[in-house]
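Given next are the chains, with one letter for each unit.
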Amino acid sequence: MLSREMTMGSVQRTVVCVKQGKQDIRQEEWDETMLLPGDIIIGVAEVDDERFFVQINSKSELRSQLERLNRQVDGEIWVKIRRGNNIVKLRASIVTYRRSTFQRRFTIRTASDNKDLAVLGDLTLQQCTELQELSRKVVNLDNRGFNKKGVKYEWKQKADTYLPDPKSTVISSILFMPMPDEHSVEATTARSMAWFSAAVSSGVPLVFVNIQTEQIVASEKNRSSGREKNYNNAIQIVNGIRLWFLPGIAEVIIVLKLEPGETRLGMDIRRTEEGFICIYSVTKGSAADRAGLGRLQKEASETGHLVVISRLEGKSVIPSTVSSTDTGLVHCCDIDELKGTIASAMDEMNELNLHVMGWPAPKAPPTAPPAICSTVATLMTPGPN
């Protein structure tokens, strides 16, 4: 950290040092714009210009300069520090506090984090070295890698190219609110996994991603004492369970087009018990059949899957929440409204875009010895377009 030339023969000389920075700092929170215990403050200035930096040799000098700058600037200043063998300039804000009724003191905090308040002191170089060694272990400076640089990224182009639909989030989730008789997250978690397992068993090709607890603020009106219509709002925090999943191993876009004289798409849609919208039958020779849904329907039935619609014209039709009522209602797409939307879209556009969930391809018979096959992952390929 500090060079040998700095420490040899000058251990007793004191410098202005950061004794303490942000409390309980973690490696992933720290970056180069923040102060670290052991940082030696060697100068301050109004702007990032070497001509204006005032050299600092003691804590009293620093406070004097901070008091002066506090009267002259409105906002941030620049602080020059020595960190190991490097000189670093950081943007900082001046913070005032009162030690007593008549005494006002000044310190600094980094501009990038309001909680990164510096506790300063006149310490020896040896003491600074010890603090810097402790800081190195906390933020692991040796293994932080190269400096980071911001690079431009074509977000819109990537979304248009790599998402099934520019408005798609790819991953989906459903929130399970705890039912009145569920007094632990384990009970709600078990119910969420029962829903997921039942959906998969019925043929919906979901892919499990993650499960997590989620705090939900619920408001209840409780009647207070006094007048009959006087109510108080009671705030209650409950733990829900959010289940994350992929809508199939891929989303396959289907474009439905009517020919002159056609008025129906030729597909029958129904809702499963778990709230998913599925295509149950396709009329031969219809718009749905020409778009490939008839073939998909046949392949799905052969592999034990359902043809599940994930989005219609970019809007999700996947169940989103499960209520906390006694019956645990699954909030899903109203199938009658969905049918009406499809009919209206066909009247206006003669074309309809929908996405269906792709399912895993049938497993090929093993061609390698069993001992080898057991260690090889089965490759999953998207369903046909």
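Residues numbered from 1 in each chain as written. Predicted model: local features only at pLDDT ≥ 70, side-chain atom pairs only at ≥ 80, totals over all residues. Heavy atoms only, no water.

The name an unreviewed UniProt entry gives the chain is PDZ domain, with Macleaya cordata as the organism.

Participant: Looking at this model, I keep getting lost on the overall build of the chain. Mind explaining?
Facilitator: Scanning the chain from terminus to terminus reveals 9 helices and 18 strands. For the chain, the proportion of its 385 residues judged to be buried stands at 37%. Sequence-distant contacts, at least 24 apart, represent 65% of the contacts inside the chain between residues at least 6 apart. (Helix = DSSP H or I, 4+ residues; strand = E, 2+ residues; numbered from the N terminus. Buried < 20%, exposed > 50% of the residue type's maximum accessible area, 1.4 Å probe, protein only. Contact = heavy atoms within 4.5 Å.)

Participant: Looking at this structure, how should I read the state of the cysteines?
Facilitator: By definition, a disulfide links two cysteine residues through a covalent bond between their sulfur atoms. Scanning the model with the defined rule gives 0 disulfides in all. Sulfur of Cys332: no disulfide; nearest cysteine sulfur belongs to Cys333 and is 7.5 Å away. (Disulfide = S-S within 2.5 Å.)

Participant: Where do I start with the side chain of Arg242 in this structure?
Facilitator: Relative to the elements of secondary structure, Arg242 occurs in strand E10 (residues 231-246). By relative accessible area, Arg242 is classed as buried at 16%.

Participant: Can you walk me through the packing of aromatic side chains in this structure?
Facilitator: Any aromatic ring pair is given by two values, namely how distant the centres are and how the planes are angled relative to each other. This structure, assessed with the given rule, holds 5 aromatic pairs. For the pair Trp195 and Phe245, a centre-to-centre distance of 6.2 Å together with 50 degrees between the ring planes defines the contact as tilted. One end of the pair, Trp195, is in helix H5 (residues 185-202); the other, Phe245, is in strand E10, and 50 residues separate them in sequence. With a relative accessible area of 8%, Trp195 lands in the buried category. On the basis of an interplanar angle of 75 degrees and a centroid distance of 5.9 Å, the ring pair of Phe196 and Phe208 is categorised as edge-to-face. Of the two residues, Phe196 is situated in helix H5 and Phe208 in strand E9 (residues 207-223); the sequence distance between them amounts to 12 residues. An aromatic cluster is built from Phe176, Trp195, Phe245 and Phe276, whose rings are joined through pairwise contacts. (Phe/Tyr/Trp six-rings, centres within 6.5 Å; stacked < 30°, edge-to-face > 60°.)

Participant: Would you take a moment to explain unusual backbone geometry for this structure?
Facilitator: Note on backbone geometry: most residues besides glycine have negative phi, and most peptide bonds are trans. For Glu313, which is not a glycine, the phi torsion comes out positive at approximately 50 degrees. For Glu313, the location among the structural elements is in the loop between strand E14 (307-312) and strand E15 (315-316). Overall, Glu313 belongs to the partly exposed group, its relative accessible area being 30%.

Participant: I'm lost on the nonpolar core in this one. Help?
Facilitator: Looking at soluble globular proteins, one finds that nonpolar side chains tend to be buried together. Counting residues in each nonpolar core, the largest one holds 27 residues, and the members touching the most others are Leu256, Leu265, Met267, Ile269, Leu293 and Ile342. Taken together, the elements giving at least two residues each to this core come down to strand E11 (251-257), strand E12 (267-271), strand E13 (277-282), helix H6 (287-290), helix H7 (293-303), E14, helix H8 (335-349) and strand E18 (351-357). Looking at which element gives the most residues to this core, the answer is H8, with 5 residues. Leaving out residues up to four positions away in the same chain, Ile269 has contacts with Ile277, Cys278, Ile279, Ile309, Ile335, Leu338, Lys339 and Ile342. (Core = buried A, V, L, I, M, F, W, Y, C linked by side-chain atoms within 4.5 Å.)

Participant: How should the pattern of salt bridges be read in this particular structure?
Facilitator: Think of it this way: side chains of opposite charge can pair up when their charged atoms draw near. All chains considered together, the criterion is met by 17 salt bridges. We note a salt bridge from Arg83 to Asp39, for which the minimum N-O separation is 2.8 Å. A residue pair is termed long-range when its members are at least 10 positions apart, and Arg83 in strand E4 (residues 76-83) and Asp39 in the loop between strand E1 (14-20) and strand E2 (40-45) qualify at 44 residues. Note on accessibility: Arg83 and Asp39 belong to one class, buried. Between Glu50 and Lys80 there is a salt bridge, with the nearest N and O atoms lying 2.8 Å from each other. Residue Glu50 is located in the loop between E2 and strand E3 (54-55), and its partner Lys80 is located in strand E4; the two are separated by 30 residues in the primary sequence. Salt bridges linked by common partners bring Asp48, Glu50, Lys80 and Lys89 together as one network. (Salt bridge = Lys/Arg side-chain N within 4 Å of Asp/Glu carboxyl O.)

Participant: What am I meant to see in the pairing of strand E8 (residues 172-176) here?
Facilitator: Put simply, side chains in a regular strand alternate between the two faces of the sheet. Buried residues dominate E8, accounting for 5 of its 5 residues. Side chains Ser172, Ile174 and Phe176 of E8 all project onto a buried face; the interleaved residues Ser173 and Leu175 project onto the opposite face, where all are buried too. In the sheet, E8 pairs with strand E16 (residues 321-322) via 2 bridges, with the strands oriented parallel. The residue of E16 that forms the bridge with Leu175 is Thr321. (Pairing = 2+ DSSP bridges.)

Participant: What's the story with the side chain of Ser192 in this structure? I'm lost.
Facilitator: Within the secondary structure layout, Ser192 lies in helix H5. Since its relative accessible area comes to 0%, Ser192 is described here as buried. In this view, Ser192 contacts Phe176, Ile211, Ile241 and Leu243; residues no more than four positions away in its chain are not counted.

Participant: How do you make sense of the environment of Leu206 when you look at a structure like this?
Facilitator: Residue position: Leu206 is located in the loop between H5 and E9. For Leu206, a relative accessible area of 9% gives the class buried. Along the chain, Leu206 and Met357 lie 151 residues apart, while their C-alpha atoms are 8.1 Å from each other. If near-sequence neighbours (up to four positions away) are discounted, Leu206 is found in contact with Trp195, Phe196, Ala199, Val200, Phe245, Leu246, Pro247, Gly248, Phe276 and Met357.

Participant: What exactly am I supposed to notice about the environment of Leu293 here?
Facilitator: Locating Leu293 in the fold gives a position in helix H7. For Leu293, a relative accessible area of 1% gives the class buried. C-alpha separation for the pair Leu293 and Val307, spaced 14 residues apart in sequence, amounts to 8.4 Å. Not counting chain neighbours up to four residues away, the residues in contact with Leu293 comprise Ile254, Leu256, Met267, Ile279, Val282, Ala288, Val307 and Val356.

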